[in-house]
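# Results of the structural survey
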Amino acid sequence: MVLALTVCGIVVALVVVGLFVFGLRRRLIQRSGGTFDCSLRWDAPENGDAGGKGWAYGVARYSGDRVEWFRVFSYAPRPRRVLERSAIEVAGRRVPEGEEELALLSDAVILACLHRGTRLELAMSEDALTGFLAWLEAAPPGQRVNVA
């Protein structure tokens, strides 16, 4: 009986510590500002797949001429993907369809992009999309930026 209570106590403590670390990591990512909720689908299909597969929920952060994307459900201190402003080409935008509506946040707009030849899709709120497109267009003189 004592052993079972001890094991249960340890499991509960580990769960609490794990949740605390998730929250602390997110606070550290957002500490410098310029962050927004952004789901990402890497190697996205050509014409968009409404099946909802491949989406990962995350937080994106502006960092100079890059956007760093972090998975929400991860303990990694480094970004999972880094998108450079000069390498991003916007191919179009659309609203979620079918099962995508369940996989993404309720107010999401999907932006289809190319980054160094890799198709990807970013899903974010309308406000975050406006900021992202403004950031893309605000490239320093001489940098090539393709916004459709």
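Residues numbered from 1 in each chain as written. Predicted model: local features only at pLDDT ≥ 70, side-chain atom pairs only at ≥ 80, totals over all residues. Heavy atoms only, no water.

Attention now moves to the sheet that holds strand S7 (residues 108–115). The strand order S2-S8-S7-S6 describes an open sheet built from four strands, whose pairing is antiparallel. Each edge of the open sheet carries a strand with a single partner, namely strand S2 (39–42) and strand S6 (88–94). Neighbour-to-neighbour, the strand axes of the sheet open up by a mean angle of 25°, direction not taken into account. Two elements, S6 and S7, share six bridges in a ladder whose sense is antiparallel. Its bridge partner lying in S7, Gly-92 is registered against Ala-112. In the packing of helix H3 (residues 126–137) onto the sheet, the strands contacted are S6, S7 and strand S8 (118–125), and the crossing angle to S8 comes to about 130°. (Pairing = 2+ DSSP bridges. Helix = DSSP H or I, 4+ residues; strand = E, 2+ residues; numbered from the N terminus. Axes fitted to C-alpha atoms, helices over the stretch in contact; angles between N-to-C directions. Contact = heavy atoms within 4.5 Å.)

Turning our attention to the sheet that holds strand S4 (residues 66–71). Taken together, four strands build an open sheet; the order of strands is S1-S3-S4-S5 and the sheet is antiparallel. The sheet is open, and its two borders are formed by strand S1 (35–37) and strand S5 (81–84), each paired with just one other strand. On average, each strand axis in the sheet is tilted by 25° relative to the strand beside it, whichever way the strands run. Pairing geometry for S1 and strand S3 (residues 58–63), over three bridges, is antiparallel. The residue of S3 that forms the bridge with Thr-35 is Arg-61. The strands that helix H1 (residues 2–30) touches are S1, S3 and S4; relative to S3, the one it contacts most, it runs at about 25°. Together, S1, S3, S4 and S5 form the strand contacts of H3, whose direction differs from that of S3 by roughly 30°.

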